[in-house]
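Read off the chains here:
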Amino acid sequence: MQRMEDVPMPDPMAMEVDGFPSAALEEGWPASLRPPLPSTAIALAELTKAQAALAFRELTSAAQWSAELCVALPDVADDALPAVPLDAYAGIGSGRLYSSVVLAKAHFGMREYGRAAHVLQHVRDLHRHPAALFIRLYALYLAGEKRREEEAAEVAEPVEKCQVKNAELKGIEEQLAALHERGALQDGLLLYLYGIVLRGLGRKAEARRVLVQSVYACPWNWSAWLDIVAICSDLNDAASIRAELKLPDHWMAAFFWAALLMELQRNEEAAGIYAELRQCFPDSSYIMSQIATCQYNMRNFDASQVLFDDIRKRDPYKLASLDTFSNILYVKEQSAALSHLARQAVMIDKYTPEACCIVGNYYSLRGEHEKSVTYFRRALSLNRNFTPAWILMGHEYMEMRNTSAAIDAYRTAVTINQRDYRAWYGLGQTYEMLNLHFYALFYYRRSMMLRPDDARMWCAMAECYHSMDRKAESLNCYEKAHRCGDRERVALPRLARLHVELGNRPQAAHSYEHLLAQSNCGPSYPKVSGGGLSTEVVEALKFLMVFYREEGRLSDCENCASQLLDTAGAEKDEAKAMLQDLRVSAEGLQLTPEALTRGGPRRFNAAGLWTPPNS
């Protein structure tokens, strides 16, 4: 196993997130970043024009996105409808160029990208026709991407796969850079192509500047906005870049800010923006999917499931984001619903990464982990950059105790998307399983930096610190986990036990009191003793019973002992002994120290819990 460079361990309570203090994340997202939403007529006119231009240049994903938004607009009167765009070929010019473009697009549709580029290779003054130039260079780009994927599939090592590059990037960059330097690159979609080429060459900061120019010239190209979000993620400056990005004051920027907020795990604010956008685009399945994903990220599984069910009714053949829906069904252990979803996904299109992940989750829920891995591998053979499949496959290898394969899967996911906390958290779990707590702590810290308000991250760090006998840091982490909500109810019991270990009995009592109050007003702790009380509640009552007796709070002590009478086992005997002791005290009997210790000394065990005297 490759040794990791030693990483200093700062105070976990003063850590920074993405290069600036986590306190900065508490500030509200500026309202000025939310541009005004368009009227229905304006949005319809712009999107109608945009989808024609995007489709003509074979940007099918962006064209589909624009068309879906257009269809999601409310109905308007016929006289408010925009005119259908003119034939996109109208600006091509000569008949020979027209025929060349038609042939190139035909090759493009057949995925013969090399032939498409070759058809337009010898056209004179091609730079004067931006659409034709884009088709040729974009075809070259896709041809290079196709060859890169084929070469990567033949490489076994994950690190070597990432080193396989698109051989066409340099030539495309030289042509577009020459046009850009002399100010001849004004077309928004050519600027977009220039930006993704620069990103492929690793010049990400420069690529982001060019992509910003692209969205100024053509704000309806959603693919360009997504690439800006991805570059912010790659450069790990997504949280601080908001003050530096000078984006157009266009309504499309609202979609961008919402996507960026989701990247930052600011899901509540992102859901708020999407809710506003939904007022303008009420039937958009994309917006509904994003809101459902926000709810999933906030672990509001019931609300997310309701939204996904609504999406499936509105758009029954949509597979995008349904892998997230399958995760919800998996967590809620709804095997029948997950089976039904898997069958439908296979019927719609079984050769998609989403369908494979849904089926993989189904087999995982059934405990057939090897078959589950097979489907996650199939998803990756369809799209090697599909991060959810890498993460889910890592989870399955963990179930199979194949830690080396799990590490490879999680590391690949991190390479694709450094801001996916699940991959960092999975690496932490894997190294913790190997009892390499220092390494586990490094990865847990990375996941915590991405989700500083998630109690699970702090609890995981606390466990590592405790295993390393760094109890003060562990205590701080558990306190932070408790302040973050701690839905799993892990932090308070462990926090109380740590205080007991450190001899801080009043603080331990305070934590146990919180635990009891939490148990009375919410769902009970999962582990249940014979009397119906959870193990943690019994533990708290036993400690507090003794603590209150020591402090002279006899009424509170009697209350705890009375509750313990409803349990079974040793706790009940201890409670009876304590109540007897309280009755003796209440009767005012003046007992000597020898009488108090009759039958053996009264004592406390290592956890500070009451141990009854021998009879």
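Use the structure listed above.
A brief structural summary. This is a predicted model, so every value here is computed, not measured.

What counts, and where the lines are drawn
- Residues numbered from 1 in each chain as written.
- Predicted model: local features only at pLDDT ≥ 70, side-chain atom pairs only at ≥ 80, totals over all residues.
- Heavy atoms only, no water.
- Helix = DSSP H or I, 4+ residues; strand = E, 2+ residues; numbered from the N terminus.
- Contact = heavy atoms within 4.5 Å.
- Areas by Shrake-Rupley, 256 points an atom, 1.4 Å probe, with all protein chains shown as cover.
- 1 Å grid on protein atoms, 1.4 Å probe; cavity = no way out; pocket = protein on both sides within 12 Å on 5 of 7 lines; lining within 4 Å.
- Points joined across faces, edges and corners; volume = space filled by probe spheres on them.
- Nonpolar A, V, L, I, M, F, W, Y, C, P; charged D, E, K, R; others polar.
- Core = buried A, V, L, I, M, F, W, Y, C linked by side-chain atoms within 4.5 Å.
- Buried < 20%, exposed > 50% of the residue type's maximum accessible area, 1.4 Å probe, protein only.
- Expected span 1.5 Å × (residues − 1).
- Patch = residues over 30% accessible without salt bridge, like charges linked within 9 Å, V, L, I, M, F, W, Y side chains within 5 Å.
- Salt bridge = Lys/Arg side-chain N within 4 Å of Asp/Glu carboxyl O.
- Lys, Arg positive; Asp, Glu negative; His and termini not counted.
- Charge placed at Lys NZ, Arg CZ, Asp CG, Glu CD.

Comments concerning the overall build of the protein chain
Counting secondary structure elements, the protein chain contains 30 helices and four strands. In the protein chain, 59% of the contacts between residues at least 6 apart in sequence involve partners at least 24 apart. Within the structure as shown, the protein chain displays about 29300 Å² of accessible surface, and the carbon and sulfur contribution to it stands at 50%.

A look at empty space enclosed by the protein
According to the stated counting rule, one finds one cavity of 30 Å³ or more in the structure shown. Lining of the largest cavity is provided by Arg312, Pro316, Leu319, Leu322, Leu341, Gln344, Ala345 and Ile348. Among the elements that make up the lining of the largest cavity, the one with the highest residue count is helix H16 (residues 335-349) (four residues). Considering only residue class, the lining of the largest cavity consists of six nonpolar, one polar and one charged.

Overview of the nonpolar core
With 111 residues, the main nonpolar core has Tyr141, Leu193, Trp251, Phe255, Phe256, Tyr274 and Phe281 as its most contacted residues. No other element matches helix H5 (residues 130-153), which puts 12 residues into this core. Those residues in contact with Phe256, other than ones at most four positions away along the chain, are Trp222, Trp225, Ile228, Val229, Leu245 and Leu247. Listed in part, the 77 residues of the second largest apolar core include Val373, Ala406, Val414 and Tyr439.

Notes on helix H17 (residues 353-365)
Here H17 spans 18 Å end to end across 13 residues, near enough to the 18 Å set by a 1.5 Å rise per residue. Among the 13 residues of H17, 12 are classified as buried, and the element is accordingly described as predominantly covered. Every buried residue of H17 is accounted for by Pro353, Glu354, Ala355, Cys356, Cys357, Ile358, Val359, Gly360, Asn361, Tyr362, Tyr363 and Ser364. Where H17 is buried, its residues meet helix H15 (322-331), H16, helix H18 (369-382) and helix H19 (387-399).

Here's the deal with a negative patch on the surface
Taken together, the side chains of Glu149, Glu150, Glu151 and Glu154 make up a negatively charged region of the molecular surface. Relative to the elements of secondary structure, Glu149 occurs in helix H5.

Remarks on the pattern of salt bridges
Per the stated rule, a full pass over the model turns up 29 salt bridges. The salt bridge partner of Asp234 is Arg199, with a shortest N-O separation of 3.2 Å. Here Arg199 lies in helix H8 (residues 188-200) and Asp234 lies in helix H10 (residues 222-235), a separation of 35 residues in the sequence. Residue classification places Asp234 among the partly exposed positions, given a relative accessible area of 21%. Residues Lys204 and Asp234 are paired through a salt bridge, measuring 3.6 Å at the closest nitrogen-oxygen approach. Here the residue Lys204 occupies a position in helix H9 (residues 204-217), and Asp234 occupies one in helix H10, the gap between them amounting to 30 residues. Given a relative accessible area of 25%, Lys204 falls into the partly exposed group. Taken together, the shared-partner salt bridges in this structure form one network comprising Arg199, Lys204, Asp227 and Asp234.

Nothing here speaks to function; it is geometry throughout.
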